[in-house]
Amino acid sequence: MTTKIKLEHVSKIFGPKPKSVIPMIKQGMSKDEILAETDHTVGVYDASLDIKQGEVFVIMGLSGSGKSTLIRCFNLLNKPTDGSIYIDDEDIVKYNSSQLKKVRQEKIAMVFQHFGLFSHRTILSNVEYGLEIRNVPKEERREIAMKNIEIVGLKGYEDKYPDELSGGMQQRVGLARALANDPDILLMDEPFSALDPLIRREMQLELLDIQERLQKTIVFITHDVNEAFKIGDRVAVMKDGQVVQVGTPEEIIESPANDYISEFIKDIDRSKVFQAENVMIKPNALVSLKDGLNVAIKEMEENGISSVFVVDRQRHLQGIVTIDDAIKGKKEKKSLEDVLSTDVTVVQKDEYVNDLIPKALESKYPLAVINEEEKVIGFILRVHVLAGLAANDVNESDEYHA
Amino acid sequence: MGAFPDISTSIGDYVDSFVSFIDTTFEGFFDFIYLVASRTINGIDDFLMFLPWWLFIVLIFLLGWYFKTVVAGVLYSVFIFLIGTFGLWEDMMTTIAIILTAVIICLIIGIPIGVWMAFSSRFSLVTRPILDAMQTMPSFVYLIPAIFFFGLGNVSAIFATLIYALPPVIRLTELAIREVDQEVIESAQSFGSSRWQMLRKIQLPQALPTIMAGVNQTTMMALAMVVIASMVGASGLGEQVLVSINRIDIALGFEAGISIVFLAVIIDRITNGVANKFQKHRGVS
């Protein structure tokens, strides 16, 4: 994937002489000390990020951590005090005002926490705004606006005013307005924080849905860990104006960079972040059909397990055999095929733990995990599901005997 | 003793010679203004007098109905009819013409100044005390330079009225533009609006309800000034009030006075109604 946005040592300081403060931070003075001594507020300090084309990049932090300040640097609503911001390899900090206007008109659009709608304009002319200031002809911009109003599911509301719509609908207008410009980059500043939980969940899913179709590069700000991990391909965690960790949700949960992040992710709903792949155990033993009962029994005894998956040559699952059935079958001179149980629940490797819980409860055998080619890549016991919800390191659990 | 020592600064004299200086130096300029202002007043006055009396009453009813309620419309037309029965129809029209002219000039001067103040804190800082002075100086004082520049008559009245009625529209324009929601401004910026597009498409429309409140205040102050301005020869209802004082004519005084009250109520309610219409749909952030 190519890099779309690159931030290099971006700092934003508020106050009468912001540049003068940079050396003080370099000497290691804290945000509070600088505020007390110089009356300057450090919004963001030394943020370096690398955002890929087409990814949903989430910046997460508590209020006051500088995340809203940072996102406003991406389209220079805040001009960084120091550092460079490259969009498609061009440093936009160095742009003059007409170049900047062009980038804002064509490449970046923003969605705001409190929607930022123009209350004196109808929904249609709100959505048209970005096109209007680019002097797109009336007919054409109407058509584009209507298309985007339809995408966000507000068809029929185009002649209403923002105050006649609910919060969720207003944010859809905000989204449609940003999409109408057909930007490469979508900046979203806590877009769903002002909405109630039900609507928020709905909007999150819809955003992912729209993203799947349109493949924008999205920079998304939130203070909600669950939201961040749900929609983010990668997440940056901010604290006191600095980026403290960047990684995929799984990476951050599995190895939080410091106590602050551990505290932050403490109440994350892990079942919605971890997938089957993250909690499964790679099998030590797999038995092929033609290996026969003796081999199966030997494998189980050697590995100290009570059941084993039976696969064909392509590692496609055939069934499972337990140690009891195998010994009984051997006594009765049966073949492996006769004692094979095909009643195995199969799960995809990217299924969330949340969805595995009921399956694990119902199945009397371990769950078999398969990849895209339907090859068996691991198994999951009930205890693994539980461990996935609680422990930091799933694989440390020793109890993988059924 | 408590007497003040014999020190005198005669600032008044300086102001006097300053005003004379301006008067002689910019004579052509003042003549031009005189011409424009008197033409405007006479034009509006002639137009109002050209309207059949019943049509004017119907117009007032329609305005009241549209911006307020049917009852209000009926009430306002009754007021206007009553003023007619006092024999003050023509005076009322002249008064309306003076007020309209003053308000139009106030808006033409006041809104750009207000916008500038909103954009430049330094300009705002300088302008504010001047606005305070304009509002607190006894309004009679403005009549003196007015006579100097424009002689006796309606134009002097307009000049004095302007100085007195200008501050509210300037102040409220500044306030309105400054108070436009920050996120709305940011979102307009994020789409790459130019400064002019921002002002025209976002800030002014968003500010309009508050600016209209300023227009309402300015109009009411202009009306209040009408009586005072009659001392420099403004015609209209104010002149009748002045005449009644000189003659100690209670009947005329009451009729002219109550006519001004009627006019005040109508103008206030209608401009207020206009402001409320604009307010609709602008409640959300």
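Conventions adopted
Residues numbered from 1 in each chain as written. Chains lettered and ligands numbered in written order. Predicted model: local features only at pLDDT ≥ 70, side-chain atom pairs only at ≥ 80, totals over all residues. Helix = DSSP H or I, 4+ residues; strand = E, 2+ residues; numbered from the N terminus. Rg over C-alpha atoms; globule rule 2.2 N^0.38 Å. Core = buried A, V, L, I, M, F, W, Y, C linked by C-beta atoms within 7 Å. Buried ≥ 20, exposed ≤ 12 C-beta atoms within 10 Å, placed from the backbone. Domains from an automatic or database assignment. Contact = placed C-beta atoms within 7 Å. Pairing = 2+ DSSP bridges. Axes fitted to C-alpha atoms, helices over the stretch in contact; angles between N-to-C directions. Nonpolar A, V, L, I, M, F, W, Y, C, P; charged D, E, K, R; others polar. Parallel < 35°, antiparallel > 145°, perpendicular 65-115°, else oblique. Left-handed = near helix turned anticlockwise from the far one by under 90°. Right-handed = clockwise from strand over helix to strand, strands pointing away. Expected span 1.5 Å × (residues − 1).

## Side note on the overall build of chain A
- Scanning chain A from N- to C-terminus turns up 17 helices and 16 strands.
- For a compact globule of 402 residues, the expected C-alpha radius of gyration is about 21 Å, and chain A comes in at 27 Å, more than 25% above that figure.

## Remarks on the nonpolar core
Residue and element names in this part refer to chain A.
- V219 and I380 are the most contacted members of the largest nonpolar core, which totals 105 residues.
- Built from parts of two domains, this core gets at least three residues from each of domain 1 (3–107 + 183–244) and domain 2 (276–396).
- Excluding residues within four positions of it along the chain, I380 makes contact with A276, V279, M280, L356, A360, P366, L367, V369 and V385.

## As for the domain arrangement of chain A
- By the assigned domains, chain A splits into domain 1 (3–107 + 183–244) and domain 2 (276–396).
- For domain 1 of chain A versus domain 2 of chain A, the separation of C-alpha centres amounts to 45 Å.

## A word on the sheet that holds strand β3 (residues 56–60) of chain A
Residues and elements named next belong to chain A.
- Strands sit in the order β6-β7-β8-β3-β9-β10 across an open sheet of six strands; the sheet is mixed. Two strands in the sheet have a free side with no partner beyond their single neighbour: β6 (108–111) and β10 (242–247). Adjacent strand axes in the sheet meet at a mean angle of 20 degrees, parallel and antiparallel pairs treated alike.
- As paired strands, β6 and strand β7 (residues 185–189) are joined by four bridges and run parallel to one another. Considered in β7, the bridge of M110 is made with L187.

## Thoughts on the interface of chain A and chain B
- Listed as interface residues are 22 residues of chain A and, on the opposing side, 19 residues of chain B.
- It is helix α4 (residues 97–106) of chain A that provides the largest number of residues to the side of chain A that touches chain B, a total of four residues.
- Split into classes, the residues belonging to the side of chain A that touches chain B amount to 10 nonpolar, eight polar and four charged.

## Overview of the packing of helix α13 (residues 292–303) of chain A against helix α14 (residues 323–331) of chain A
Residue and element names in this part refer to chain A.
- Relative to each other, α13 and α14 sit at 140 degrees, their axes nearing to 10 Å. Between α13 and α14, the angle is such that the two are oblique. Both α13 and α14 take part in a crossing whose hand is left-handed. From α13, L293, A296, I297 and M300 reach across to α14, where they touch I323, A326, I327, G329 and K330.
- By residue class, the composition of the contact of α13 with α14 is seven nonpolar, one polar and one charged.

## Quick look at the packing of helix α2 (residues 27–50) of chain B against helix α8 (residues 154–178) of chain B
Residue and element names in this part refer to chain B.
- Where α2 meets α8, the closest approach of the two axes is 9 Å, and the angle between their N-to-C directions is 100 degrees. Taken as axis vectors, α2 and α8 run roughly perpendicular relative to one another. Where α2 abuts α8, its residues Y34, A37, S38 and I41 lie against N154, V155 and I158.
- Looking at side-chain class alone, the contact of α2 with α8 contains five nonpolar, two polar and no charged residues.

## Re the sheet that holds strand β14 (residues 346–348) of chain A
Residues and elements named next belong to chain A.
- Taking strand neighbours across the sheet as the criterion, the three strands line up as β14-β15-β16 in an open arrangement whose pairing is mixed. Of all strands in the sheet, those with a lone pairing partner are β14 and β16 (376–380), marking the two edges. Direction aside, the axes of adjacent strands within the sheet are offset by 35 degrees on average.
- As paired strands, β14 and strand β15 (residues 367–370) are joined by three bridges and run parallel to one another. Bridge pairing in β15 places V347 opposite V369.
- In the packing of helix α16 (residues 353–362) onto the sheet, the strands contacted are β14, β15 and β16, and the crossing angle to β15 comes to about 140 degrees.

## As for the pairing of β15 of chain A
Residues and elements named next belong to chain A.
- Handedness of the crossover joining β14 and β15 through α16 is recorded here as right-handed.
- By the bridge criterion, four bridges tie β15 to β16 in an arrangement that is antiparallel. Residue pairing in the sheet places A368 in a bridge with F379 of β16.
- Between β15 and β16, which pair antiparallel and follow one another directly, the connecting turn spans five residues, one of which, E374, has a positive phi of 65 degrees.

## Overview of α8 of chain B
- Over its 25 residues, α8 of chain B extends 36 Å from the first C-alpha to the last, a length consistent with the 36 Å expected when each residue adds 1.5 Å.
- Most of α8 of chain B is tucked away: 22 of the 25 residues are buried.

## Some points on unusual backbone geometry
Residue and element names in this part refer to chain A.
- For Q215, which is not glycine, the phi torsion reads 55 degrees and is therefore positive.
- When you line up the elements, Q215 lands in the loop between α8 (197–214) and β8 (217–222).
- Overall, the presence of 12 C-beta atoms within 10 Å leaves Q215 in the exposed class.
- Non-glycine residue E374 carries a positive phi angle of around 65 degrees.
- Relative to the elements of secondary structure, E374 occurs in the loop between β15 and β16.

## So, the pairing of β3 of chain A
All names here are of chain A.
- The element β3 is extensively covered by neighbouring structure, given that five of its five residues are classed as buried.
- Of the two faces of β3, the one lined by V56, V58 and M60 and the one lined by F57 and I59 are each fully buried.
- Pairing of β3 with strand β9 (residues 234–239) involves four bridges; the strand directions are parallel. If you follow I59 over to β9, its bridge partner there is A236.

## Focus: the environment of I218 of chain A
All names here are of chain A.
- In this fold, I218 is placed in strand β8.
- You can call I218 buried: it has 24 C-beta atoms within 10 Å.
- A C-alpha to C-alpha distance of 8.9 Å links I218 and Q53, two positions 165 residues apart in sequence.
- Discounting residues that sit within four places of it in the chain, I218 has contacts with V56, F57, L186, M188 and Q211.

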